[in-house]
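# Structure at a glance
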2 protein chains.
Amino acid sequence: MGINERREREKQEMRNFILRTAADLFTELGFEKTSIRTIAEKIEYSPATIYLYFKDKNELFYAISQEAFQLFFKYFQTVSQDADPMKRLQGLGHIYFKFAFENPGYYDLMFILRAPMDVEETEDHWELGHQSHSVLTGLVNECIAAGYFKGRDPDVLSHLIWSTVHGIVSLKVRDRMKVYIEEERTDLIYQSLDLFNDILEKV
Amino acid sequence: MGINERREREKQEMRNFILRTAADLFTELGFEKTSIRTIAEKIEYSPATIYLYFKDKNELFYAISQEAFQLFFKYFQTVSQDADPMKRLQGLGHIYFKFAFENPGYYDLMFILRAPMDVEETEDHWELGHQSHSVLTGLVNECIAAGYFKGRDPDVLSHLIWSTVHGIVSLKVRDRMKVYIEEERTDLIYQSLDLFNDILEKV
DNA sequence: ATTTTTACTGAACAACGTTTATTAAAAAAA
DNA sequence: TTTTTTTAATAAACGTTGTTCAGTAAAAAT
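The present account deals with the structure reproduced in this document. Treat the numbers as computed from the prediction; the structure is a model and nothing was measured.

Assigned secondary structure in chain A consists of nine helices and zero strands. When the helices and strands of chain A are placed in sequence order, the string is α-α-α-α-α-α-α-α-α. Judged by the C-alpha coordinates and their principal axes, chain A covers about 60 × 50 × 30 Å. A total of 203 residues make up chain A; the buried ones form 50% of that total. Long-range pairs, those at least 24 residues apart, make up 71% of the contacts in chain A between residues at least 6 apart in sequence. Accessible surface, chain A as shown: approximately 10,200 Å² in total, 50% of it carbon and sulfur. The centroid of the 24 positive side-chain charges in chain A is displaced by 2 Å from the centroid of its 33 negative side-chain charges.

What follows is about the environment of G30 of chain B. Mapped onto the fold, G30 of chain B is located in the loop between α1 (2–29) and α2 (36–43). For the pair G30 of chain B and L109 of chain B, spaced 79 residues apart in sequence, the C-alpha to C-alpha distance is 8.7 Å.

Here the focus is the relation of the copies chain A and chain B. When chain A is fitted to chain B, the residual RMSD is 0.1 Å, and the transformation amounts to a turn of 180° plus an axial shift of 0.0 Å. Given the turn and translation reported, the copies of this chain are related as if by a two-fold rotation axis. The C-alpha atom lying nearest the rotation axis in chain A is that of G167 of chain A; the distance is 1.7 Å. Interface overlap between copies is the fraction of interface residues in one copy that are interface residues in the other; for chain A against chain B it reaches 98%, indicating a shared surface.

Another point: the interface of chain A and chain B. Chain A puts 52 residues into the contact, and the matching count from chain B is 52 residues. Both sides together, the interface formed by chain A and chain B hides about 4,600 Å², and carbon and sulfur atoms give 59% of it. Sorting the residues of chain A by area buried against chain B places H159, R176 and Y180 of chain A first, and these three jointly supply 16% of that buried surface. Linking chain A with chain B are six salt bridges, by the criterion used here. Where R152 of chain B meets D198 of chain A, a salt bridge forms, and the shortest distance between an N and an O atom there is 2.8 Å.

Describing an aromatic ring pair means giving the distance of the ring centres and the angle of the ring planes. Tallied over the entire structure, the rule returns 50 aromatic pairs over all chains. The interplanar angle of 85° and the centroid separation of 5.1 Å between the aromatic rings of F31 of chain A and F61 of chain A together place this pair among those described as edge-to-face. Taken together, the residues span a long stretch of sequence, with F31 of chain A in the loop between α1 (2–29) and α2 (36–43) and F61 of chain A in helix α4 (residues 57–76) at a distance of 30 residues. Take F31 of chain A and F61 of chain A: they sit in the same class, and that class is buried. For the ring pair F97 of chain B and Y190 of chain B, a centre distance of 5.5 Å and an interplane angle of 70° mean the geometry is edge-to-face.

Below, the discussion takes up the packing of helix α5 (residues 85–102) of chain A against helix α7 (residues 127–145) of chain A. Residues and elements named next belong to chain A. Remark: α5 packs on α7, axes separated minimally by 8 Å, with the N-to-C direction vectors making an angle of 150°. Between α5 and α7, the angle is such that the two are roughly antiparallel. Judged by the twist between their axes, the crossing of α5 over α7 is left-handed. On α7, the residues touching P85, M86, R88, L89 and L92 of α5 are V135, L136, L139, V140, E142 and C143.

Taken as a whole and assessed by the stated rule, the structure comprises five cavities of 30 Å³ or more. Empty space within the largest cavity amounts to approximately 120 Å³. Forming the boundary of the largest cavity are 13 residues, of which L92, G93, L136, I161 and V165 of chain B lie nearest the centre. Put simply, the parts of the chain that give the lining of the largest cavity at least two residues each are α5 (85–102), α8 (154–173) and α9 (186–200) of chain B. Classifying every residue of the lining of the largest cavity by side-chain character gives 11 nonpolar, two polar and no charged. As a volume, the second largest cavity reaches approximately 100 Å³. The wall of the second largest cavity is formed by 13 residues, among which L92, G93, L136, I161 and V165 of chain A lie closest to the centre. For the lining of the second largest cavity, the per-class residue count stands at 11 nonpolar, two polar and no charged.

Moving on to the nonpolar core. One broad rule of soluble globular proteins: the nonpolar side chains tend to lie buried together. Judged by nonpolar contacts, the single largest core of 142 residues is most densely connected at L89 and F111 of chain A together with F111 of chain B. With sequence-adjacent residues up to four places away left out, L89 of chain A is seen in contact with L136, L139, V140, C143, F149, I161 and L200 of chain A.

With that settled, consider the protein's contact with DNA strand C. Taken together, 19 residues are adjacent to DNA strand C, and T49 and Y53 of chain A together with R6, R37 and Y51 of chain B come closest. Separating a phosphate oxygen of DNA strand C from a side-chain N or O atom of Y53 of chain A is a distance of 2.5 Å. The leading source of residues in the surface near DNA strand C is helix α3 (residues 47–53) of chain A, at four residues. Counted by class, the surface near DNA strand C contains eight nonpolar, four polar and seven charged residues.

Rules used throughout
- Residues numbered from 1 in each chain as written.
- Chains lettered and ligands numbered in written order.
- Predicted model: local features only at pLDDT ≥ 70, side-chain atom pairs only at ≥ 80, totals over all residues.
- Heavy atoms only, no water.
- Helix = DSSP H or I, 4+ residues; strand = E, 2+ residues; numbered from the N terminus.
- Buried < 20%, exposed > 50% of the residue type's maximum accessible area, 1.4 Å probe, protein only.
- Contact = heavy atoms within 4.5 Å.
- Areas by Shrake-Rupley, 256 points an atom, 1.4 Å probe, with all protein chains shown as cover.
- Lys, Arg positive; Asp, Glu negative; His and termini not counted.
- Charge placed at Lys NZ, Arg CZ, Asp CG, Glu CD.
- Least-squares fit on C-alpha atoms with pLDDT ≥ 70 in both.
- Buried area = accessible area lost by both parts, 1.4 Å probe.
- Salt bridge = Lys/Arg side-chain N within 4 Å of Asp/Glu carboxyl O.
- Phe/Tyr/Trp six-rings, centres within 6.5 Å; stacked < 30°, edge-to-face > 60°.
- Axes fitted to C-alpha atoms, helices over the stretch in contact; angles between N-to-C directions.
- Parallel < 35°, antiparallel > 145°, perpendicular 65-115°, else oblique.
- Left-handed = near helix turned anticlockwise from the far one by under 90°.
- 1 Å grid on protein atoms, 1.4 Å probe; cavity = no way out; pocket = protein on both sides within 12 Å on 5 of 7 lines; lining within 4 Å.
- Points joined across faces, edges and corners; volume = space filled by probe spheres on them.
- Nonpolar A, V, L, I, M, F, W, Y, C, P; charged D, E, K, R; others polar.
- Core = buried A, V, L, I, M, F, W, Y, C linked by side-chain atoms within 4.5 Å.
- Near = heavy atom within 4 Å.
- Polar contact = N/O pair within 3.5 Å; in protein donor to acceptor, adjacent residues only side chain to side chain.

Listed below in structure tokens is the structure:
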């Protein structure tokens, strides 16, 4: 039955069309300010049509966040080939920065925004997040094997590293450095990461 | 003219009444889900009345955040009297944690949430944020004077410390640890802080 | 040719932040 | 004391928002 196949394909194409438009609009305007009606207008369909492909705005949220995590994981895979795992670990911080500042809307969605309404997460929804995290833990363990981080718990270390980089990034992404620092100091962001990377060698 | 004074007093009381109710509701429901209409119902006035005392929801946002920063600064002033500035600095992290986890709604408002609409900040709006930050920089400088952090830039160090603690806190407050860690691991939070404090001595 | 299924939409609902015309009460002026 | 003016509060409405549902026109199946 080629007809049913074509129909299924068209359905997926439509879903994808909505998703891409929504992701674009979201990147441009932020998630909160991107309304179903705006998306509908852009794809030249009625708002109700969107609900034939996505249960609600929440599901759209998770679908876009999936795309974001895919891109995030791609960034993570560009980790350097350096023989020293510490060098690779330090580079990972810069990769994290790169993703966050090149895709602040995505970053917001993934690590800061709460899902708009009630949550119903698939069990494997964070799969790529976990995989990205194991890139980090993998490097940490390699570092330990190479003699770094003597006597440290790799889980705690990984969580501290993730938190630190996320902390620097999120204060910038949410424009919250002004809360405690008077002047605009973008330099502090990169210097903090460099300092942290520097410290890591001595932990 | 005692009458005008009484009226001015009543006006302030009403403003305060709204503010306290709004802050309560916000702490309970979060800022986004606390509507002007809900506040109005709770104070048993019409929604329009609130607009006689606050320009818009934005102004309410900033007024509540002022209260939050006052409380935050109070917490910061409970820093220990230890002779070793490093000990005091390490204690400050725990104080930060205490504030954040005892007042997650406030923390959200201060360091994570963006103001809902257009921003019009008073110049001294972050005054208490800056003061809190100088408690940190003060301690960092004391540490340097005591022989710690040799050759490190105190501004960069302070920013790194703030970011790290904020990073740990905000991932928890926004329930985003699950993004990269499968199980619930509250222990990691405190262990990460302890590890970071431990590391600080060796920077 | 007729029935059934599909894809889509217009109109409506409830809740939101906000504005405006109006009213009732209080204060000031006569 | 009576009249005028100022004030405080509100009901009703506007333009949004996410979401639902009855209805429609076209396509597919019978």
